Amino acid sequence: MTHPIISDLQKRYTTKKYDSTKRVSQQDLNVITEAMRLSASSINSQPWKFIVIESDQAKQRMHDSFANKFQFNQPHIKAASHIILFAHNPKYKREDYARVISQDIANQRSTEEQREQAFGAYAFVDLNTDEAGNNAAWTKAQTYIALGNTLHTLARLSIDSTTMEGIDSELISDIFATELDGYVCDVALAIGYHDKEQDYNQPLPKSRLSTEQVLQVV
């Protein structure tokens, strides 16, 4: 199949070694962050926060978060151009959705008179919230939609990436407590450009299950 979308996804892979001398341009970074902001989410909840790590100081803090485990991902932190923390709100509340509705009104998608009616969609949040007010499973799922959208954006821009679930969420919550402000980061994304000599994964052929194994048309 020949199509630009398929070409993007065919060339995308998980980078194993970055060229520390190369940096993502500000122009491309602006496209990436705007793509994240525009990602889809259930009831347009947007229960996420994206922390872009680019300074040497912030990279050192992220590097320190690997003190106890997942050291195999630690080299990416300083070698990659940027690290992005994808964080979710573990206790999404009515006041969080109120911000979305207020923005809808400001963008003329809705009106002030329709505000209370707009809260009808919040019933879906209630369906995914336990007695303690925790809905992290639902908000984390929304954040992964943004992650997937970002991966495709990076592929279109020919920027390499490494999705990292091998991170210490608890230590990151401590080290980046101010930035996260109660949000939880269970996945991070390294972005940059691969080391042409040492990235063993880049030349390997793409491998996925066949269409017949994963797709049914009924």
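Residues numbered from 1 in each chain as written. Predicted model: local features only at pLDDT ≥ 70, side-chain atom pairs only at ≥ 80, totals over all residues. Heavy atoms only, no water.

*Asks:* Is there a simple way to explain the overall build of the chain in this structure?
*Replies:* Regarding its fold elements, the chain presents 11 helices and four strands. Counting the 218 residues in the chain, one finds 43% classified as buried. Distance between charge centroids for the chain: 5 Å, based on 23 positive and 28 negative side chains. (Helix = DSSP H or I, 4+ residues; strand = E, 2+ residues; numbered from the N terminus. Buried < 20%, exposed > 50% of the residue type's maximum accessible area, 1.4 Å probe, protein only. Lys, Arg positive; Asp, Glu negative; His and termini not counted. Charge placed at Lys NZ, Arg CZ, Asp CG, Glu CD.)

*Asks:* So what exactly am I meant to see when it comes to helix 3 (residues 56-64) here?
*Replies:* Along an α-helix, residues three or four positions apart point the same way, because every turn accommodates 3.6 residues. Those residues of helix 3 not exposed but buried are A58, K59 and M62. Take helix 3 and look down its axis: the buried residues cluster within an arc of 100°, on one side only. In helix 3, those exposed residues whose orientation departs by more than 90 degrees from the buried face are D56 and Q57. For helix 3, the elements touching its buried residues are strand 1 (48-53), helix 4 (74-79), strand 2 (82-88), helix 9 (169-175) and strand 4 (184-192). (Arc of directions from axis to C-beta. Contact = heavy atoms within 4.5 Å.)

*Asks:* Explain the pairing of strand 4 to me, please; I cannot follow it from the model alone.
*Replies:* On a regular strand, each side chain points to the face opposite its neighbour's, so the side chains alternate between the two faces of the sheet. Taking burial as the measure, the nine residues of strand 4 include seven buried ones, the bulk of the element. Of the pairings in the sheet, the one linking strand 2 to strand 4 comprises seven bridges and is antiparallel in character. Of the residues in strand 4, the one forming a bridge with A87 is C185. The pairing of strand 3 (residues 160-164) with strand 4 spans five bridges and is antiparallel. Each residue of the ladder has a partner; that of D160, found in strand 4, is G192. (Pairing = 2+ DSSP bridges.)

*Asks:* Looking at this model, I keep getting lost on helix 5 (residues 94-106). Mind explaining?
*Replies:* Over its 13 residues, helix 5 extends 18 Å from the first C-alpha to the last, a length consistent with the 18 Å expected when each residue adds 1.5 Å. Taken together, the buried positions of helix 5 are D96, Y97, A98, V100, I101, D104 and I105. On the buried face of helix 5, the contacting elements are helix 6 (115-118). Looking one or two places after helix 5, you find Q108, whose phi comes out positive at around 65°. (Expected span 1.5 Å × (residues − 1).)

*Asks:* Is there a simple way to explain a nonpolar patch on the surface in this structure?
*Replies:* Where nonpolar side chains cluster on the molecular surface, the patch consists of L209, V214, L215 and V217 and spans about 450 Å² of accessible area. Structurally, V214 is set in helix 11 (residues 211-214). (Patch = residues over 30% accessible without salt bridge, like charges linked within 9 Å, V, L, I, M, F, W, Y side chains within 5 Å. Areas by Shrake-Rupley, 256 points an atom, 1.4 Å probe, with all protein chains shown as cover. Salt bridge = Lys/Arg side-chain N within 4 Å of Asp/Glu carboxyl O.)

*Asks:* So what exactly am I meant to see when it comes to the packing of helix 2 (residues 26-37) against helix 8 (residues 136-156) here?
*Replies:* If you want to describe how two helices pack, look at the angle between their axes and the distance between the axes. One way to put it is that helix 2 packs onto helix 8 with a least axis distance of 9 Å and a crossing angle of 150°. It follows that helix 2 is roughly antiparallel to helix 8 by the angle criterion. Seen along the crossing, helix 2 lies across helix 8 with a hand that is right-handed. On the side of helix 2, the interface is formed by V31, I32, A35 and M36, while helix 8 contributes N149, T150, T153 and L154. Residues that form the contact of helix 2 with helix 8 fall into these classes: five nonpolar, three polar and no charged. (Axes fitted to C-alpha atoms, helices over the stretch in contact; angles between N-to-C directions. Parallel < 35°, antiparallel > 145°, perpendicular 65-115°, else oblique. Left-handed = near helix turned anticlockwise from the far one by under 90°. Nonpolar A, V, L, I, M, F, W, Y, C, P; charged D, E, K, R; others polar.)

*Asks:* What am I meant to see in unusual backbone geometry here?
*Replies:* For residues that are not glycine, phi is negative in most cases, and the peptide bond is trans in most cases. Even without being glycine, Q108 reaches a positive phi, approximately 65°. Among the structural elements, Q108 can be located in the loop between helix 5 and helix 6. Overall, the relative accessible area of 72% leaves Q108 in the exposed class.

*Asks:* Hey, could you run me through the nonpolar core in this one?
*Replies:* It is characteristic of soluble globular proteins that their nonpolar side chains tend to be buried jointly. Of all hydrophobic cores here, the largest spans 21 residues; its most connected members are I53, M62, I83, L85, I167 and I172. At the level of secondary structure, the elements contributing two or more residues to this core comprise strand 1, helix 3, helix 4, strand 2 and strand 4. Leaving out residues up to four positions away in the same chain, L85 has contacts with K49, F50, I51, I53, M62, I172, F176, C185, V187 and A188. Counting residues in hydrophobic clusters, the runner-up holds 16 residues, among them M36, A146, L147 and L151. (Core = buried A, V, L, I, M, F, W, Y, C linked by side-chain atoms within 4.5 Å.)

*Asks:* Honestly, the packing of helix 1 (residues 4-11) against helix 8 in this entry has me stumped. Any pointers?
*Replies:* Interaxial distance between helix 1 and helix 8 falls to 9 Å at its minimum, and their mutual angle equals 95°. One way to sum up the angle between helix 1 and helix 8 is to call them roughly perpendicular. Here helix 1 contributes P4, I5, D8, L9 and K11 to the contact with helix 8, which in turn contributes H152, A155 and R156. In terms of residue class, the contact of helix 1 with helix 8 is built from four nonpolar, one polar and three charged.

*Asks:* Would you explain the pattern of salt bridges in this entry?
*Replies:* When the charged atoms of two side chains with opposite charge come close together, those side chains can pair. Under the counting rule described, the total for this entry stands at six salt bridges. Across the pair E179 and R61 runs a salt bridge whose closest N-O atoms are separated by 3.1 Å. Of this pair, E179 sits in helix 10 (residues 177-180) while R61 sits in helix 3; the two residues are 118 residues apart in sequence, bridging distant segments of the chain. Classification of R61 as partly exposed rests on a relative accessible area of 24%. Between R115 and E112 there is a salt bridge; the shortest N-O distance is 2.7 Å.

Keep in mind these numbers describe shape, not what the thing actually does.
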